[in-house]
Amino acid sequence: MNKVLLIIQREYLTRVRKKSFIVMIFVVPMLILVMGFVIKLVAEDSDKLSTLETVNVIDKSGVFDHKFRNDKNIKFNYALTDLKSAKELLKNSEGISILYIPPDYLQKDSVQIFSKKKASLPLSDEIEKQMNEIAFSDNLLKHHIDPALLSSIKKTNISLNAIEISDKGDKSANIGQNMIIGIACAIFIYLSLFIYGGQVMRGVIEEKTNRIIEVVISSVKPFQLMLGKIIGVGLVGLTQFSAWIILSAMATKIAGHSFNTPGSGLFNALQVIQTIPFGFILGCFIFYFLSGYLLYAALFAAVGSAVDSETETQQFMFPITLPLLFTYILSVSVLFRAPDSPLAVWLSMIPFTAPVAMMVRIPFEPPVWQIAISMCLMIAAFLFTTYVASRIYRVGVLMYGKKASFKEMAKWFFYKE
Amino acid sequence: MLSIRNIVKQYAGHRALSDVSLEVESGQIFGLLGPNGAGKTSLIRIVNQITAPDSGEVYFKGEKLNQSHIERIGYLPEERGLYKKMEIGEQMIYLARLKGLSRAEAQKRLKFWFEKLGMETWWKKKIEELSKGMQQKAQFVATVLHEPDLIILDEPFSGFDPVNAELIKDEILELNKKGATILFSTHRMESVEELCDAIALINKSHKILDGKVKHIRNSYRNETYFVEYAGEQIIFDGNQPFEVVNEAIGDDSYTIKIKLAEGHNSNDILHYLIPRVRVNMLQEVIPSMHEIFIEKVNLNTTGHE
């Protein structure tokens, strides 16, 4: 056992000491932060008009005359009065549109906007908004109500909070946030299974091509070496995650102070973290990361042992990664919309797909018995794959120059010690 | 020291070892000889517990081979290799610790060896920065650092330049003098006669010869002698007590290779020669291990044993 610890130590330290590891620790949270920022900017930007629009108002009702507010990108013009001649006039000019308001403007779809290209959504939204406001004030005046008074009375801001009824008492279910958390977890697990599984595989290939394998397994059993490597790399993964979570939390906190305005993306993100059962999700995340990693890393190690170079791994990688890829694609497209569908339930039970599928479901709090079964199956599965992989591994690492196939690997499995 | 009994190892397509038994005595330098693919490496891997035999047993110091013996054995595989990106000092210590040494002890011994082999400045270097010969030297150190009782070397001289090969040879002899038993496989027959106390010859998974080098060579004597004489050239008429294999005429002497006829001994040669010529030299031809190796392997291969 002592020797496994030594191997774990070496595998861990050689990776953690690498410059690339240290750089990654800082780069990833920064990337996340920058990406969040960019998304926020883009989202805000798409609400606004990017080019100047001139709107010629032809108001037959008399309610809207000179009442539109100009802003940076919209100018309202009241010079034209005849729709037909205005249309002729503006036939070929871009960025100019005609807003025609008939006398009976309250009738549905009676207000028309003409332009060379279809009016953009932000433009028509803005006009609609302003018209509603103007018409509303007009109505108020008609009924002798002071619009200023009303707006001071009206200053309330109600947003809907969806509550689920359950045995444990009512709980807030923020559906959008749950989706985001679930998908984020699934993507993270999916990527990390590949990244760290791949590291295990490359480590095995390295030992084999360096021919150090024979020296090492004259000192320890192949199984000890494989186990030490898998655990060592797994700990590297955990270290990286912990560092990312801590740094990201710190970064959002710092960023949160400077952009802490309601409605901003970062503020929402902070709120999400406060409202979800963070500990529970994190616990599940760590469990599914570890068990999924152990399951796949063993298979990756077996593949690494069977080949002489990384280029030969393709044919073996495909069947291993297929279920994962399949679940991943389903997760980000379908599963999060229907987290309790039979497909989602089944995928979250099958150990090869569970780490991704279950993480999508976790924020929606699936039944406890399902989580329990899924977790038990995960543990059984990684013990099983580790056993199978170790039997292939012990033969594979000493095989050189032989082109391995699945048939060959099956034979290795049945070899005696 | 090491007793290998009736080892059989079968791989999918072929048999690597069939019923191989041999004894390595404590303090011996034992040579494991055989052509490529004979099963030497398979046997060495079994002794190192890298693989297990299908049947048969290995005893180490009288005990059945088990995991606890790993720390008493040092192994230099034929295919050398170390972690390329790891610093050499750190790597040596790691390998020694896998063999059960403490970090402090490993460090102390490593310092000794580095000084001894002129490698002091290498400590912080990565393996990939070293030349192939330097890597081999480092690997040799890794093999013997934990002061094993049994040192197993698979083709130890391949890959070394003559200077370093000599250096390693001297180190092997010194370790042997200090009490280590050495088992090594090789093709280089000259090193066998120079180094080995005993050998085993393996061909096509069978052991076809083993024993002390001296005994083997003696048992392969076939009453052949070299004679050098001066004087008048003898015209052999068939009445001499030997058969002439070949003759060579030197500047002022003649050399003949002769095979003694049955029922005679070397004195009879002298009796025949002394009245006729002046004998400069009479020397028995003892076959070299190389000749025995070739002969045995060819016999074995053609199936006329």
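Residues numbered from 1 in each chain as written. Chains lettered and ligands numbered in written order. Predicted model: local features only at pLDDT ≥ 70, side-chain atom pairs only at ≥ 80, totals over all residues. Heavy atoms only, no water.

Novice: Help me understand a nonpolar patch on the surface, please; the structure alone is not making it clear to me.
Specialist: A cluster of nonpolar side chains, namely Phe318, Leu322, Leu325 and Ile329 of chain A, defines an oily patch on the protein surface of about 380 Å² accessible area. With respect to the secondary-structure elements, Phe318 of chain A resides in helix α11 (residues 314-333). (Patch = residues over 30% accessible without salt bridge, like charges linked within 9 Å, V, L, I, M, F, W, Y side chains within 5 Å. Areas by Shrake-Rupley, 256 points an atom, 1.4 Å probe, with all protein chains shown as cover. Salt bridge = Lys/Arg side-chain N within 4 Å of Asp/Glu carboxyl O. Helix = DSSP H or I, 4+ residues; strand = E, 2+ residues; numbered from the N terminus.)

Novice: What's the story with the domain arrangement of chain A in this structure? I'm lost.
Specialist: Interfaces are often sized by the accessible area lost when the parts come together. Here chain A is partitioned into domain 1 (2-42 + 175-414) and domain 2 (53-149). Distance between the C-alpha centres of domain 1 of chain A and domain 2 of chain A: 57 Å. (Domains from an automatic or database assignment.)

Novice: Explain the packing of aromatic side chains to me, please; I cannot follow it from the model alone.
Specialist: The description of an aromatic ring pair uses the distance of the two centres, along with the angle that the planes make with each other. Per the stated rule, a full pass over the model turns up 28 aromatic pairs over all chains. Seen in terms of ring centroids, Phe316 of chain A and Phe406 of chain A are 5.0 Å apart; in terms of plane orientation they differ by 75 degrees. Their pairing is edge-to-face. You can see Phe316 of chain A sitting in helix α11 and its partner Phe406 of chain A sitting in helix α15 (residues 406-414), a full 90 residues away along the chain. When its relative accessible area of 47% is taken as the criterion, Phe406 of chain A is described as partly exposed. Aromatic side chains Phe413 of chain A and Phe414 of chain A sit 4.9 Å apart centroid to centroid with 85 degrees between the ring planes, which places their arrangement in the edge-to-face category. The class of Phe413 of chain A is buried, set by a relative accessible area of 18%. Three or more aromatic residues joined by ring pairs make a cluster, and in this case those are Phe188, Tyr196, Phe241, Trp244, Phe285, Phe289 and Tyr293 of chain A. The positively charged end of Arg10 of chain A is found above the aromatic ring belonging to Tyr83 of chain B, 3.5 Å away from the centroid. Over the face of the ring belonging to Tyr272 of chain B we find Arg276 of chain B, whose NZ or CZ atom lies 3.8 Å from the ring centre. (Phe/Tyr/Trp six-rings, centres within 6.5 Å; stacked < 30°, edge-to-face > 60°. Buried < 20%, exposed > 50% of the residue type's maximum accessible area, 1.4 Å probe, protein only. Lys NZ or Arg CZ within 6 Å of the ring centre and 35° of its normal.)

Novice: Please clarify how the UniProt feature "domain: ABC transporter" (unreviewed entry) in chain B should be interpreted in this entry.
Specialist: UniProt records the feature "domain: ABC transporter" (unreviewed entry) at residues 2-229 of chain B, using the numbering of this structure. Between the C-alpha atoms that bound residues 2-229 of chain B the distance is 49 Å, and the span itself is 33% helix and 29% strand. (UniProt positions renumbered as here; feature names shortened; annotations may be inferred.)

Novice: I keep staring at the interface of chain B and chain A and nothing clicks. Help me out?
Specialist: Listed as interface residues are 28 residues of chain B and, on the opposing side, 24 residues of chain A. Between chain B and chain A, the buried area comes to about 2600 Å², and carbon and sulfur atoms account for 56% of it. Put simply, chain B and chain A have three salt bridges between them. Inspection of the region where chain B meets chain A yields eight residue pairs in polar contact (both at pLDDT 80 or more). Among the elements that line the side of chain B that touches chain A, the one with the most residues is helix α2 (residues 88-98) of chain B, at six residues. Of the residues that constitute the side of chain B that touches chain A, the class distribution is twelve nonpolar, six polar and ten charged. (Contact = heavy atoms within 4.5 Å. Buried area = accessible area lost by both parts, 1.4 Å probe. Polar contact = N/O pair within 3.5 Å; in protein donor to acceptor, adjacent residues only side chain to side chain. Nonpolar A, V, L, I, M, F, W, Y, C, P; charged D, E, K, R; others polar.)

Novice: How should I be thinking about the confidence of the model for chain A in this particular structure?
Specialist: Where the model shows low pLDDT, its predicted coordinates should not be examined in detail. A residue-level look at chain A finds 85% of positions with pLDDT of 70 or above and a mean pLDDT of 81. Confidence drops under pLDDT 50 across residues 260-266 of chain A; counting only partners more than four residues distant or on other chains, this segment forms ten contacts. (pLDDT = per-residue confidence, 0-100.)

Novice: What is the right way to read empty space enclosed by the protein from this model?
Specialist: Gaps left between atoms show up when a probe the size of a water molecule is rolled over them. A full pass over the atoms with the stated rule returns one cavity of 30 Å³ or more. What lines the largest cavity is simply Val215, Ser218 and Ser219 of chain A together with Tyr75, Leu95, Lys99, Ala142, Thr143 and His146 of chain B. Grouping the amino acids of the lining of the largest cavity by side-chain chemistry returns four nonpolar, four polar and one charged. (1 Å grid on protein atoms, 1.4 Å probe; cavity = no way out; pocket = protein on both sides within 12 Å on 5 of 7 lines; lining within 4 Å. Points joined across faces, edges and corners; volume = space filled by probe spheres on them.)

Novice: I'm lost on the UniProt feature "transmembrane region" (unreviewed entry) in chain A in this one. Help?
Specialist: In the numbering used here, UniProt assigns the feature "transmembrane region" (unreviewed entry) to residues 20-43, 178-197, 230-251, 272-296, 316-336 and 368-389 of chain A. As annotated, residues 178-197 of chain A comprises 100% helix and 0% strand, and the C-alpha atoms at either end are separated by 28 Å.

Novice: What is the right way to look at the side chain of Glu11 of chain A in this model?
Specialist: All names here are of chain A. Take Glu11: it is sitting in helix α1 (residues 2-16). On the basis of relative accessibility, which here comes to 1%, the residue Glu11 falls in the buried class. In terms of polar contacts, Glu11 uses its side chain to reach the side chain of Arg10, at 3.4 Å. Of the polar contacts made by the side chain of Glu11, one reaches the side chain of Lys229; its length is 2.8 Å. Once residues lying within four places of it in the same chain are set aside, the contact partners of Glu11 are Glu207, Gly228, Lys229, Gly232 and Val236.

Novice: Help me understand the pattern of salt bridges in this model?
Specialist: Side chains carrying opposite charge are able to pair once their charged atoms draw close together. Per the stated rule, a full pass over the model turns up 30 salt bridges over all chains. The closest approach of N and O atoms between Arg69 of chain A and Glu133 of chain A, which form a salt bridge, is 3.3 Å. Residue Arg69 of chain A is found in the loop between β1 (53-59) and β2 (74-77), and its partner Glu133 of chain A is found in helix α4 (residues 121-142); the two are separated by 64 residues along the sequence. Classification of Arg69 of chain A as partly exposed rests on a relative accessible area of 45%. Residue class for Glu133 of chain A comes out partly exposed when judged on its relative accessible area of 34%. A salt bridge links Arg221 of chain B to Glu284 of chain B; the nearest nitrogen and oxygen atoms lie 3.1 Å apart. With Arg221 of chain B in the loop between α7 (213-219) and β11 (224-230) and Glu284 of chain B in strand β14 (residues 278-284), the pair connects residues that are 63 residues apart, well separated along the chain. Residue Glu284 of chain B is classed as partly exposed on the basis of its relative accessible area, which comes to 23%.

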